[in-house]
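An overview of the molecular structure
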Number of protein chains: 2
Amino acid sequence: MDKDRPNESWDIAQVPDLDRIDVGILRLLQNNARLSVKEIAAEIGLAPSTTHERVRRMRETGILWGTHVEVNPKALGIGLEALLMIELSKHNRGIVDQFLDDIVSVPEVRSAFLVSGRYDLVVHVVVHDTQHLKDLALDQFTIRPGVTRIETSIIFDARRRYELPVFRSLR
Amino acid sequence: MDKDRPNESWDIAQVPDLDRIDVGILRLLQNNARLSVKEIAAEIGLAPSTTHERVRRMRETGILWGTHVEVNPKALGIGLEALLMIELSKHNRGIVDQFLDDIVSVPEVRSAFLVSGRYDLVVHVVVHDTQHLKDLALDQFTIRPGVTRIETSIIFDARRRYELPVFRSLR
DNA sequence: GCTGAAATTAAGACATA
DNA sequence: TATGTCTTAATTTCAGC
């Protein structure tokens, strides 16, 4: 769903073929991007060079995008996370796109979703404490033109999965 | 915010010291976990072995967690993402924790947040199409005991940042 | 805590089947 | 498309500053 990525939108007929081995490789790498080709090969029962070629191909065709390390938020002084549920007054395309682009440059913003339903935007932010959250909401969101209402939901607990499921037929 | 990680919750006095160089390394690795130590060293102007030692230390102390590759959702047949806003009837701790643990084992769930405010849970799901989304909502969420209401927000567009900001003093 | 060099291991290219 | 070999490049360790 992010912008500016290679091969983000394939024609449905152009989506590269994948088989069960490819999916196995993807599963391993989504959970640990630092696995060596040798380790992956041993896990899935293929020769390292073959495994290497498959990984290379998936990178080239845009199935595999970037890799990211996870950093412990507490180590950076992040003590609180929240979801900001935002209602906009105007749904003009240009305004909404600009809004998305603007807020993603705010350091506290981790992700921003343009959605259907009661709200128009859901924004995941990370902050130091409640004071910081209040200042952020007021200075960066309430103040923006087009914003009619913000509801702040503090995140008490979270769970994440790093492995995407497969909803297509495999070769 | 995730469970079962090393050093997830440091005492505020025990948070490891970081300096600007460490933060620079973290910034680079959050955007590209495949950077070689040599490349990082060149970028920040340090010797590779020193850089390596800093990375090793941050891994050991739990500042750096895992690494993950990003996979193009379209390559796996994922055509639609949504946020499910869920209201629960009972706020008994055990029930809520169990609920979180249960839904994170549903393949379509990417992340689940326990939050304050109008809803109790916000769940990010990935599906093939709208039919799939309907089935998922009914079969996996509406059906669960304790769920009183679900609002489905389809995600039209999204932006993400992979770099966490720093809200603490540095050595 | 930083450096530079040495040893170990991995990545990436290629010829072959 | 899979494999084994080979070359290049990286990681990781360590003695010295």
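Owing to the predicted nature of the structure, the values given are computational and were not obtained by experimental measurement. (Residues numbered from 1 in each chain as written. Chains lettered and ligands numbered in written order. Predicted model: local features only at pLDDT ≥ 70, side-chain atom pairs only at ≥ 80, totals over all residues. Heavy atoms only, no water.)

**Things to note about the relation of the copies chain A and chain B**
Relating the two copies of this chain is a rotation about some axis coupled with a shift parallel to it. Threshold: Copies are brought into register by a least-squares superposition over C-alpha atoms of residues with pLDDT of at least 70 in both. Contacts are assigned to residue pairs that have any heavy atoms within 4.5 Å of one another.
Its rotation angle being 180°, the transformation that places chain A on chain B also includes 0.0 Å of axial translation and leaves an RMSD of 0.1 Å. Taken together, the rotation and translation relating the two chain copies correspond to the operation of a two-fold axis. Among all residues of chain A, the minimum C-alpha distance to the rotation axis is found for His68(A), at 2.8 Å. Both copies share a contact surface, since 99% of the interface residues of chain A are interface residues in chain B too.

**Looking at the protein's contact with DNA strand C**
Applicable threshold: Distances are taken per atom, and a residue is near a molecule or strand as soon as one of its heavy atoms is within 4 Å of it. Within 3.5 Å is the distance limit for a polar contact, defined as a pair of N or O atoms, with the added protein rule that one can donate a hydrogen and the other accept it, and that residues adjacent in sequence qualify only through two side-chain atoms. Numbered from the N terminus, helices here are DSSP runs of H or I no shorter than four residues, and strands are runs of E no shorter than two. Just so you know the grouping, Ala, Val, Leu, Ile, Met, Phe, Trp, Tyr, Cys and Pro go in nonpolar, Asp, Glu, Lys and Arg go in charged, and all remaining residues, Gly too, go in polar.
As a matter of local geometry, DNA strand C sits amid Ser36(A), Val37(A), Lys38(A), Ser49(A), His52(A), Leu46(B), Ala47(B), Ser49(B), Thr50(B) and Arg54(B). Counted by atom, the contact set of DNA strand C within 4 Å of the protein is 67% sugar and phosphate. The side chain of His52(A) places a nitrogen or oxygen atom 3.5 Å from a phosphate oxygen of DNA strand C. One nitrogen or oxygen atom from the side chain of Arg54(B) is found 2.8 Å from a phosphate oxygen belonging to DNA strand C. Put simply, the parts of the chain that give the surface near DNA strand C at least two residues each are α2 (37-44) and α3 (48-60) of chain A together with α3 (48-60) of chain B. In terms of residues, the surface near DNA strand C owes the most to one element, α3(B), which gives three residues. Across the surface near DNA strand C, the residue classes tally to three nonpolar, five polar and two charged.

**As for the UniProt feature "domain: HTH asnC-type" (unreviewed entry) in chain A**
Which entries qualify depends on this criterion: UniProt positions are given in the numbering used here, feature names are shortened, and annotations may be inferred rather than shown by experiment.
Sequence positions flagged by UniProt for "domain: HTH asnC-type" (unreviewed entry) are, in local numbering, residues 18-79 of chain A. The distance from the first to the last C-alpha atom of residues 18-79 of chain A is 41 Å, and the span holds 53% helix and 13% strand.

**Points about the side chain of Glu81(A)**
All names here are of chain A. Rule in force here: Exposure categories follow from relative accessible area, calculated using a 1.4 Å probe and restricted to protein chains: below 20% of the type maximum is buried, above 50% is exposed, and the middle band is partly exposed. For the purpose of charge, His is not counted, nor are the chain termini; Lys and Arg are scored as positive and Asp and Glu as negative. In the sections that follow, a salt bridge refers to a side-chain nitrogen of Lys or Arg positioned within 4 Å of a carboxyl oxygen of Asp or Glu.
Position of Glu81 relative to the elements: it lies in strand β2 (residues 80-88). Salt bridges are absent for the buried Glu81, whose nearest opposite-charge side chain, Arg160, sits at 4.6 Å. A polar contact is formed between the side chain of Glu81 and the side chain of His124, at a distance of 2.7 Å.

**Observations regarding the interface of chain A and chain B**
Heads up, the condition is: Once two parts are joined, some of their accessible surface, as seen by a 1.4 Å probe, is lost; buried area is that loss totalled over both.
Residue-level contacts link 82 residues of chain A with 81 residues of chain B. Surface buried jointly by chain A and chain B totals about 8100 Å² across both partners, of which 57% is contributed by carbon and sulfur atoms. In this assembly, chain A and chain B are joined by four salt bridges. One salt bridge connects Asp101(B) with Arg159(A), and the closest N-O pair in it is separated by 2.9 Å. Here chain A and chain B share 47 residue pairs in polar contact (both at pLDDT 80 or more) between them. If one sorts the elements of the side of chain A that touches chain B by residue count, strand β5 (residues 147-160) of chain A sits on top with 11 residues. The class makeup of the residues in the side of chain A that touches chain B is 41 nonpolar, 20 polar and 21 charged.

**With respect to the pattern of salt bridges**
Inspection of the entire model under this criterion finds 26 salt bridges over all chains. As a salt-bridge pair, Arg56(A) and Glu60(A) come within 3.1 Å of each other at their nearest N and O atoms. With Arg56(A) and Glu60(A) both in helix α3 and four residues apart, the pair spans about one turn of that helix. On the basis of relative accessible area, Glu60(A) is assigned to the exposed category, the value being 57%. With its nearest N and O atoms 3.2 Å apart, the salt bridge here joins Asp17(B) to Arg171(B). Within this pair, whereas Asp17(B) is found in the segment before α1 (20-31), its partner Arg171(B) is found in the segment after β5 (147-160), the two being separated by 154 residues in sequence. Several salt bridges share partner residues, and in doing so they unite Asp19(A), Asp22(A), Arg54(A) and Arg57(A) into one network.

**Remarks on the packing of aromatic side chains**
This is how the line gets drawn: Between rings of Phe, Tyr and Trp, where Trp is taken as its six-membered ring, a pair exists when centres lie within 6.5 Å; planes separated by under 30 degrees are stacked, by over 60 edge-to-face, and by other angles tilted. Two thresholds decide whether a charge sits over a ring: the Lys NZ or Arg CZ must be within 6 Å of the ring centre and within 35 degrees of the ring normal.
By the definition in use, this model includes one aromatic pair over all chains. With 6.4 Å between their ring centres and 75° between their planes, Tyr119(A) and Tyr119(B) make a pair best called edge-to-face. With one member in each of two chains, Tyr119(A) in the loop between β3 (109-115) and β4 (121-127) and Tyr119(B) in the loop between β3 (109-115) and β4 (121-127) form a pair that bridges those chains. For Tyr119(B), a relative accessible area of 1% corresponds to the buried category. For the cation-ring pair, Arg144(A) lies above Phe99(A), with the distance from its terminal atom to the ring centre recorded as 5.9 Å.

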